[in-house]
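# Structural overview for review
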Amino acid sequence: MKDIKFIFVAGGVMSGVGKGVAVASIAKILQARGLETTAVKIDPYVNVDAGTMNPTEHGEVFVLDDGMECDQDMGNYERFLGRSLSSKNYMTTGSIYLDVINRERNLDYGGRCVEVVPQIPLFIIEKIKNAAKENRAKVVIVEIGGTVGEYQNILFLEAVRMLKIKQPDDVALVLVSMLPVLEAGGTELKTKPTQYAVRTLNAAGLQPDIILARGSVPVDDSRKEKLALNCNLRREDIISAPNVKNIYEIPLNFEKDRLSDLILKKLKLKARKKDFGEWKKFIHKSNNPTKKVKIGIVGKYFNSGDFVLTDSYLSVLEAIKHAAWSLRVDPEITWLSAENYENDLSALEELKNFNGIIIPGGFGKRGVEGKISVIRFARENNIPFLGLCYGLQLAVIEFARNVCGLKGAHTTEVDPGTPKPVICTMPDQLVNIKEKKMGGSMRLGAYHCRLNPQSKSYSLYASKLISERHRHRYEVNNNYRLRLEKNGMLLAGVNPQRQLVEVIELPNHKFFVATQFHPEFKSRPLSPHPLFIGLIKAAIASKI
Ligand code: GLN
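Conventions used here
Residues numbered from 1 in each chain as written. Predicted model: local features only at pLDDT ≥ 70, side-chain atom pairs only at ≥ 80, totals over all residues. Heavy atoms only, no water. Core = buried A, V, L, I, M, F, W, Y, C linked by side-chain atoms within 4.5 Å. Buried < 20%, exposed > 50% of the residue type's maximum accessible area, 1.4 Å probe, protein only. Helix = DSSP H or I, 4+ residues; strand = E, 2+ residues; numbered from the N terminus. Contact = heavy atoms within 4.5 Å. Pairing = 2+ DSSP bridges. Axes fitted to C-alpha atoms, helices over the stretch in contact; angles between N-to-C directions. UniProt positions renumbered as here; feature names shortened; annotations may be inferred. Polar contact = N/O pair within 3.5 Å; in protein donor to acceptor, adjacent residues only side chain to side chain. Expected span 1.5 Å × (residues − 1). Parallel < 35°, antiparallel > 145°, perpendicular 65-115°, else oblique. Left-handed = near helix turned anticlockwise from the far one by under 90°. Nonpolar A, V, L, I, M, F, W, Y, C, P; charged D, E, K, R; others polar. Phe/Tyr/Trp six-rings, centres within 6.5 Å; stacked < 30°, edge-to-face > 60°. Lys NZ or Arg CZ within 6 Å of the ring centre and 35° of its normal. Salt bridge = Lys/Arg side-chain N within 4 Å of Asp/Glu carboxyl O. Near = heavy atom within 4 Å. Areas by Shrake-Rupley, 256 points an atom, 1.4 Å probe, with all protein chains shown as cover.

### Some thoughts on the nonpolar core
Within the largest apolar cluster, 54 residues are counted, with the highest numbers of intra-cluster contacts made by Ile7, Ile26, Leu30, Ile141, Leu212, Phe254 and Leu259. No other element matches the nine residues that helix H1 (residues 19-32) contributes to this core. Sequence-distant contacts of Ile141, defined by excluding residues within four places in its chain, comprise Ile7, Val9, Val23, Ile26, Ala27, Leu30, Thr37, Thr38, Ala39 and Val40.

See below:
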């Protein structure tokens, strides 16, 4: 345990400056230097996991193989590292307190007084060490949620302080801070807010070893000098982190300022190699597309006043990019609000301007009829279509109503009294709903799916048995399976243990595939997801 190295990453000045991507990028560059690396996120919320958070407030809920519902940054870690992580890699204030209280209830503290300090920070350190052990990591990078100076994350910083006292050579602290520019179009980055952030860290007994200086433009030498002098650092400890169009370029940008060398030196680590070959190839492809495809995403979690909150569908967006770039095309993505198609069917005509349409996951009634109209239009007009989770359920409803003639077919999620419950809950999940146990009560995490060898999905995966991640409460009702099949729907994938429908296809369509699982969670830059490859290939072939 002694030789594990810890890199803590805290945020200064304001939130939303890309701490998660910075953590993922640090993990990537150390991995490229031949070190076993993992990443951990500590979120300041009292929510025990991210499952109960609204996507328009918090962004996408990401799901791990073991069913952990967590922050979308975990998706960034997995994508950059090309590895699957576990629930050991994620904790919230709520989950930490819950575990400590459970220990206390079990008399695990042997009758001693259990106090916030030191028990909470010590428990955090223990959990980080366990995550490192589980991942057999030599280096663990820990993202401290929130911003330095707020009350919420003070106990996390206390954990850093305690660990650093015990193992000074094994701990490095990185501050990701924002250098604002005052005038519109100006380029002078202001350093003072970062200086205050460092003072705040100093007051918590901590001194950053490295500052990642975020800004709209690169940090010039004189600004680096100024920051160094005022923040007790050397000029080379300030890394320039300007805005980029493509987040996957960030590890390479960090390396321009020799970040991996700097970290290795601080932590007295020896690197074995420097291998960015595959990553550079991927970046090259992403920057040199030969044509464009237009993809429409029909959803509802992106309207907040004038803002488009595309974070709610982050993994879908990344999965599209991975697949498109690998095929040398540039995906032009348009966010389409499902509600636009509810009362105005003529609005559907605009869908003919897209090479492909995706209906991602969702919950509840709002926008459902609009999505069903979109699915019908895509089916009838042979527009390549990929449905994800709710996207599958609504495609089944559309098919049941308009092809099988099952009038009023619906999901019991929206219409509990529907005469034709083609989508409903399995009896074992009904208990949770009745008792209002909503947190963590869905079908979550990785499940197997057996693919029909006649299906498109099978030829795309080139495998009979696959494993994909789930997050839903409702399922295709097995009582209607025969009826759907008789009318031409291929139930292309089924879960062998519980006989649940996992993939549907329409064989007479260019590309009409929908999944009960979320394939987007397992797409990685260096291994794009087969189903997204299928959609983009069909989109390339479809003329508009
Ligand atoms: N609302 C649906 C369910 O709970 C689908 C969920 C989703 O799309 N993730 O089953």
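Let's pick the thread back up.
### Topic: the sheet that holds strand S16 (residues 409-411)
One open sheet accounts for three strands, arranged S16-S17-S20; its pairing is mixed. Because the sheet does not close on itself, it has two edges, and the strands there are S16 and strand S20 (475-476). One ladder, built from three bridges, connects S16 with strand S17 (residues 420-424); its direction is parallel. Bridging from a neighbouring strand, Ala409 pairs with Lys420 of S17. Relative to the sheet, helix H14 (residues 390-402) contacts S16, S17 and S20, its axis offset from that of S16 by approximately 165°.

### Some words on the UniProt feature "domain: CTP synthase N-terminal" (unreviewed entry) in the protein
As recorded in UniProt, the sites labelled "domain: CTP synthase N-terminal" (unreviewed entry) are residues 5-269. The span residues 5-269 shows a helical share of 41% and a strand share of 18%, and its end C-alpha atoms are spaced 9 Å apart.

### Structural notes on the side chain of Thr194
Among the secondary structure elements, Thr194 is positioned in helix H7 (residues 192-203). Overall, the relative accessible area of 0% leaves Thr194 in the buried class. From its side chain, Thr194 meets the backbone oxygen of Met178 in a polar contact 3.5 Å long. Discounting chain neighbours no more than four positions away, the residues touching Thr194 are Val13, Leu175, Ser177, Met178, Leu179, Ile211 and Leu227.

### Quick look at H1
For H1, with 14 residues, the first-to-last C-alpha span of 20 Å sits near the 20 Å given by 1.5 Å per residue. Counted residue by residue, H1 has 14 buried out of 14 residues, so it is predominantly covered. Note on H1: the residue one or two positions beyond its end, Gly34, has a positive phi of about 85°.

### Notes on the packing of helix H13 (residues 368-380) against H14
Running from N to C, H13 and H14 cross one another at 70°; their axes reach a closest spacing of 9 Å. Between H13 and H14, the angle is such that the two are roughly perpendicular. Taken as a pair, H13 and H14 cross one another with a handedness that is right-handed. From H13, Val368, Glu369, Lys371, Ile372, Ile375, Arg376 and Arg379 reach across to H14, where they touch Tyr390, Gly391, Leu394, Ala395, Ile397, Glu398, Phe399, Arg401 and Asn402. Residue classes in the contact of H13 with H14 are distributed as eight nonpolar, two polar and six charged.

### Examining the packing of aromatic side chains
Describing an aromatic ring pair means giving the distance of the ring centres and the angle of the ring planes. Applying the stated criterion across every chain yields a total of ten aromatic pairs. Taking the centre distance of 5.3 Å and the plane angle of 75° together, the rings of Tyr248 and Phe282 count as edge-to-face. With a gap of 34 residues between them, Tyr248 in the loop between strand S9 (238-242) and helix H9 (250-256) and Phe282 in helix H11 (residues 277-287) connect regions that are remote in the sequence. For the pair shown, Tyr248 and Phe282 are each scored as buried. One Lys or Arg, Arg443, reaches over the ring of Tyr447 and ends 4.8 Å from the middle of that ring.

### Structural notes on the pattern of salt bridges
Within the structure shown, the criterion is met by 40 salt bridges. Asp169 is the salt-bridge partner of Lys268, the closest N and O atoms lying 3.5 Å from each other. Placement of Lys268 in the loop between helix H10 (259-266) and H11 and of Asp169 in the loop between helix H6 (154-166) and strand S7 (171-178) is noted, with a sequence separation of 99 residues between them. Close ionic contact of Arg376 with Glu380 constitutes a salt bridge, the shortest N to O distance being 2.9 Å. Residue Arg376 and its partner Glu380 are both found in helix H13; the two are separated by four residues, about one turn of the helix. Because the salt bridges share partners, they merge into one network encompassing Lys19, Lys41, Asp43, Asp71, Asp73 and Glu143.

### Some remarks on the site of the ligand
Taken together, Gly361, Gly362, Phe363, Cys389, Tyr390, Gln393, Glu413, Arg471, His472, Arg473, Tyr474 and His518 make up all the residues around the ligand. Taking Glu413, its side chain carries an N or O atom lying 2.7 Å from a nitrogen atom of the ligand. His518 places a side-chain nitrogen or oxygen 3.2 Å from a nitrogen atom of the ligand. Starting from 300 Å² of accessible surface for the ligand in isolation, the protein chains cover 99%. Among the secondary structure elements, those contributing two or more residues to the shell around the ligand are H14 and strand S19 (465-472). Among the residues forming the shell around the ligand, the class breakdown is four nonpolar, five polar and three charged.

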